[in-house]
Amino acid sequence: MPYLAKILLYPVKSLDGVEVEKATVLASGALQHDREFAIFDEQGKFVNGKRHAKIHLLRAQFTLLNRTISLQIPGGDSQQNFHLDDNRQALEATLSDYFGFAVTLRQNSLMGFPDDTRSPGPTVISTATLTEVASWFPGLSVDEIRRRMRANIEIDGVSAFWEDRLFSEQGDLVSFRVGDVGLFGVNPCQRCIVPTRDSYLGEASPNFQKIFATQRQATLPNWVASSPFNHFYRLSVNTQLPPSSAGKILQIGDEVDILL
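Please read all numbers here as calculations on a predicted model, not as lab measurements. What you see as residue numbers is a count from 1 along each chain, following the sequence as written. In keeping with the predicted nature of the model, local features appear solely for residues at pLDDT of at least 70, side-chain atom pairs appear and are counted solely at 80 or more, and the whole-chain, interface and lining totals rest on all residues. Hydrogens and water molecules were not included; the side-chain quantities draw on all heavy atoms of the structure.

Look at helix α4 (residues 208-219): 16 Å from first C-alpha to last across twelve residues, which is about the 16 Å you get at 1.5 Å a residue. Contacts made by the buried residues of α4 are with α2 (127-135), α3 (142-149) and β13 (234-240). For helices the rule is a DSSP run of H or I covering at least 4 residues; for strands it is a run of E covering at least 2, with both sets numbered from the N terminus onward. Expected helix span is given by 1.5 Å per residue-to-residue step, counting one fewer step than there are residues. Residues count as neighbours in contact if any of their non-hydrogen atoms are within 4.5 Å of one another.

Here a patch means residues that are over 30% exposed by relative accessible area and free of salt bridges, tied together within 9 Å if like-charged and within 5 Å if nonpolar (Val, Leu, Ile, Met, Phe, Trp, Tyr). For the accessible areas, the method is Shrake-Rupley and the probe is 1.4 Å, while residue cover comes only from the protein chains on display. The rule for a salt bridge is simple: a side-chain nitrogen of Lys or Arg has to be within 4 Å of a carboxyl oxygen of Asp or Glu. On the surface, a cluster of nonpolar side chains totalling about 260 Å² of accessible area is made up of Leu57, Tyr200 and Leu201. Along the polypeptide, Tyr200 turns up in the loop between β12 (181-190) and α4. The exposure class assigned to Tyr200 is partly exposed, which follows from its relative accessible area of 39%. Accessibility here uses a 1.4 Å probe with only protein chains present; expressed as a share of the type maximum, an area under 20% marks a residue as buried, one over 50% as exposed, and anything in between as partly exposed.

Turning our eyes to something else, we now look at the packing of α2 against α3. With axes taken as lines fitted to C-alpha atoms, and helix axes fitted only over the stretch in contact, angles between N-to-C directions fall between 0 and 180 degrees. Put simply, α2 and α3 touch, their axes get as near as 8 Å, and they point 110° apart. For the element pair α2 / α3, the angle class is roughly perpendicular. Along the contact surface, α2 presents Thr127, Leu130, Thr131, Val133 and Ala134, while α3 presents Val142, Ile145, Arg146 and Met149. Small angles under 35 degrees read as roughly parallel and large ones over 145 as roughly antiparallel, with 65 to 115 read as roughly perpendicular and the rest as oblique.

Here strand β5 (residues 59-63) pairs with strand β6 (residues 68-72) via five bridges, running antiparallel. Residue pairing for β6: Phe62 is matched across the bridge by Ile69. What sits between the antiparallel neighbours β5 and β6 is a turn of four residues, in which Arg67 has the positive phi angle 60°. A strand pair is defined by DSSP finding two or more bridges across the two strands. One ladder, built from four bridges, connects β6 with strand β7 (residues 80-83); its direction is antiparallel. From the neighbouring strand, Thr68 faces β7, where its bridge partner is His83.

On to the side chain of Arg234. Relative to the helices and strands, Arg234 resides in strand β13. A positive count includes Lys and Arg, and a negative count includes Asp and Glu. His and the chain ends are not counted in either. Lacking a salt bridge, the buried Arg234 has Asp116 as its closest oppositely charged neighbour, with an N-O distance of 8.3 Å. Of note is the side chain of Arg234, whose polar atom sits 3.4 Å from the backbone oxygen of Pro228. Leave out the neighbours within four places in its chain, and Arg234 touches Pro188, Cys189, Gln190, Arg191, Phe212, Arg216, Pro228 and Phe229. As used in this structure description, the phrase polar contact means that two N or O atoms lie within 3.5 Å; if the pair is within protein, one of them must be able to donate a hydrogen and the other to accept it, and residues adjacent in sequence are counted only when both atoms belong to side chains.

Attention now moves to the packing of aromatic side chains. Only centres within 6.5 Å qualify two rings of Phe, Tyr or Trp (six-membered ring in Trp) as a pair; their planes then separate them into stacked at under 30 degrees, edge-to-face at over 60, and tilted for everything else. Taken as a whole and assessed by the stated rule, the structure comprises twelve aromatic pairs. On the numbers, 4.3 Å between centres and 10° between planes, the contact of Phe137 with Phe208 is stacked. Linking Phe137 in the loop between α2 and α3 with Phe208 in helix α4, this pair joins segments that are 71 residues apart in sequence. With a relative accessible area of 1%, Phe208 lands in the buried category. Through a chain of ring-to-ring contacts, the aromatic side chains of Trp136, Phe137, Phe161, Phe208, Phe212 and Tyr233 assemble into a single cluster. Across from the ring centre of Phe46, 5.2 Å away, lies the NZ or CZ of Lys13, which sits over that ring. In our convention, an over-ring charge means Lys NZ or Arg CZ found within 6 Å of a ring centre and within 35 degrees of that ring's normal. Over the ring of Trp223 we find Arg165, and its NZ or CZ is 4.0 Å from the ring centre.

Turning to α3, a few remarks are in order. All of the buried residues in α3 are Glu144, Ile145, Arg146, Arg148 and Met149. In this structure, the buried residues of α3 make contact with β1 (3-9), α2, β10 (153-156), α4 and β13. The first or second residue beyond α3 is Arg150, which carries a positive phi of 55°.

The next thing to look at is the sheet that holds β6. Taken in spatial order, the three strands of this open sheet run β5-β6-β7, and their pairing is antiparallel. Edge positions in the sheet fall to β5 and β7, since each of these pairs with one other strand and no more. For this sheet, the mean inter-axis angle between neighbouring strands, taken without regard to orientation, is 20°. Here helix α1 (residues 88-99) sits on the sheet and contacts β6 and β7; the angle it forms with β7, its principal contact strand, is near 140°.

Right, let's talk about the pattern of salt bridges for a bit. Summed over the entire model, instances satisfying the criterion amount to 15 salt bridges. Residues Glu19 and Lys6 are paired through a salt bridge, measuring 3.1 Å at the closest nitrogen-oxygen approach. Linking Glu19 in strand β2 (residues 18-20) with Lys6 in strand β1, this pair joins segments that are 13 residues apart in sequence. Two residues, Glu144 and Arg148, come together in a salt bridge whose shortest N-O distance is 2.7 Å.

By themselves, these observations are geometric and do not establish any function.
Structural data, given as structure tokens:
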């Protein structure tokens, strides 16, 4: 029986995640606290892993209940602690010093800052998929692949690429349920440069994207809808949530059902 095995939230876009036991669905379909904050430069562009590999070197720990972040700057002697509301200017100053240019921390408590604003729901992957992908890259652990893919919810009790059942050949939404929460699977997530890099060091793994795409195509189950794959550098599934899911809670151990 498929079940919800992990929930990962990323309170500040591109920084470290937090593993939680449960998460609340917002009216937008996003998960509360996920990508609630993002770092921006003076041109209003994201300061993220796509544009600044240096961000991988930052280590962050969050206490969601207290709304605090503990930040470890490379070369620093100790963690620096900030309240995300009360100490935001001090946090911005610290980050500006680190990046070498002025940055601001913006907040969107309604939807966060998802890459795909049309599908702001949690991204879905299976534990078996992460294990399979790790096997393509000797020396990379399942945890490292997990950190690189940055999916929100992880399903266990299934085979590799089970989540590819959550999108269709025609592009129609696929309805499924996690516990009491209804979701719609949309499409396989197009990956960016971030998964090619070491999640802690920011160094690129040789030929990562080429190896990934070759193996993804070779291992694509014959039942998978192929039309969404204009290329094979895709993994995990983007979702939308119906208004009826607002305020409901995803919890570890919830059973997962695809609704026909």
